[in-house]
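One-letter residues, chain by chain:
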Amino acid sequence: MSNLDLINKTILFVRGKLANAEGGHDWFHIQRVYKNALLIAGEENCDETVVKLGALLHDIADSKFHDGDETVGPKIAREFLESEGVSEDIITYVIQIIDNISFKGGNNEKHFSSLELDIVQDADRLDAIGAIGIARAFNYGGFKNRSMYDPQIAPKLNMTKEEYKSSQAPTINHFYEKLLLLKDKMNTQTGKQIAQKRHDYMQGFLSQFYAEWDGEQ
C-alpha cells in the first residue's frame, strides 16, 4: 500500500470513528491539527508519514470521554494500523506519539522524545489557543455544564495530573491553568511563532471579557 493510500484510509477511519464526538474533539479538530502539523513539518527534516499518522490518530479516543482510560486510544490506533499492514516500527512510533502528546496539567512526564512528536504536539497545542482555542474551551465547558466564570474561584496552578483531569473549574480558569501556558511550551520555531500571535489574541479576549463582566463599555 502506498503512503497516500494509507493516509486516505486513515482519514476515512478517523472521520467515521469521531462522527458523534464532542465538538472540540471531533473530526474537525483532527483536521485542523493535521493541517498545523503539515505546516510545521514543511519547515523541518522529519518523517512526514509518521507526522501525518500521529496527527490523524492522536485523539482517536480521548481519555476524557473514556472514564480517564488512557489505553483506549493507543489500542484503537494500533488495531487499525495493524489491520492496514503497517510495519511494527512505524506503529510503535505512532503509539509513542499518542502516549506522550497530552498536556495533563503540564506535569505529564515524557517517556519518549522525537522531532515528529514535537511537531504533532505543537500542532495539537496550537488548536488549543487563539480563536479556535477560545471556542473549544467554552464548547467543552458547556458540554460539562460548567460555569463560564466565577470570581470567587481562583485558577489552580501547578496541578497534579489527577487534579487536572478531575477539575470542574469555570472555563475562564482553564485559560490560566493551561491555555496561556502553552506559548512557552512549544517545541518548534514555527510553532512558537504561530503560538505568540494566538496567545496575544487570547489576552485581548480576556481583557474584553473582564471589561464586559464588570459592566464597562
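Summary of the structure given here. (Residues numbered from 1 in each chain as written. Predicted model: local features only at pLDDT ≥ 70, side-chain atom pairs only at ≥ 80, totals over all residues. Heavy atoms only, no water.)

Take the packing of helix H5 (residues 88–100) against helix H6 (residues 115–126) next. At a closest axis distance of 10 Å, the pairing of H5 and H6 adopts a crossing angle of 45 degrees. The orientation of H5 relative to H6 falls into the category oblique. For H5 against H6, the interelement crossing comes out right-handed. Facing Tyr93, Ile97 and Asn100 of H5, the residues of H6 in contact are Glu116, Leu117, Val120 and Gln121. (Axes fitted to C-alpha atoms, helices over the stretch in contact; angles between N-to-C directions. Helix = DSSP H or I, 4+ residues; strand = E, 2+ residues; numbered from the N terminus. Parallel < 35°, antiparallel > 145°, perpendicular 65-115°, else oblique. Left-handed = near helix turned anticlockwise from the far one by under 90°. Contact = heavy atoms within 4.5 Å.)

A separate point is the packing of helix H3 (residues 48–57) against H5. Packing of H3 against H5 leaves a shortest axis separation of 9 Å and a crossing angle of 50 degrees. Classified by the interaxial angle, the pair formed by H3 and H5 is oblique. Viewed along their axes, H3 and H5 form a crossing whose handedness is right-handed. Along its contact with H3, which presents Val50, Leu53, Gly54 and Leu57, the element H5 presents Ile90, Tyr93, Val94, Ile97 and Ile98. The residue inventory of the contact of H3 with H5, partitioned by class, reads 8 nonpolar, 1 polar and no charged. (Nonpolar A, V, L, I, M, F, W, Y, C, P; charged D, E, K, R; others polar.)

Our next topic: helix H7 (residues 130–143). It helps to recall that an α-helix has 3.6 residues per turn; residues three or four apart then point in one direction. Helix length check: H7, at 14 residues, gives a terminal C-alpha distance of 20 Å against a target of 20 Å (1.5 Å per residue), a fit within 8%. Where the residues of H7 are buried, they touch helix H2 (27–41), helix H9 (171–177) and helix H10 (189–213). Where H7 terminates, the next one or two residues include asparagine 145, which has phi positive at roughly 60 degrees. (Expected span 1.5 Å × (residues − 1).)

Below, the discussion takes up the nonpolar core. Counting residues in each nonpolar core, the largest one holds 54 residues, and the members touching the most others are Val14, Leu56, Leu57, Leu81 and Phe175. Here this core gets 7 residues from one element, more than from any other, and that element is H2. Residues within four places of leucine 81 in sequence aside, it is in contact with Leu53, Leu57, Val86, Ile91 and Val94. (Core = buried A, V, L, I, M, F, W, Y, C linked by side-chain atoms within 4.5 Å. Buried < 20%, exposed > 50% of the residue type's maximum accessible area, 1.4 Å probe, protein only.)

Moving on: unusual backbone geometry. Not every positive phi belongs to a glycine, and asparagine 145 is a case in point at roughly 60 degrees. As for its position among the elements, asparagine 145 is in the loop between H7 and helix H8 (161–166).

Counted by the stated rule, this structure contains 7 salt bridges. With a closest N to O distance of 2.7 Å, glutamate 79 and lysine 75 form a salt bridge. With glutamate 79 and lysine 75 both in helix H4 (residues 72–83) and 4 residues apart, this pair spans about one turn of that helix. The salt bridge involving glutamate 82 is made with arginine 78; its shortest N-O contact spans 3.0 Å. With a gap of 4 residues between them, glutamate 82 and arginine 78 both fall in helix H4, about one helical turn apart. Classification of glutamate 82 by relative accessible area gives partly exposed; the value is 42%. Residues joined by salt bridges that share partners form a network here, namely Arg32, Asp127 and Arg136. (Salt bridge = Lys/Arg side-chain N within 4 Å of Asp/Glu carboxyl O.)

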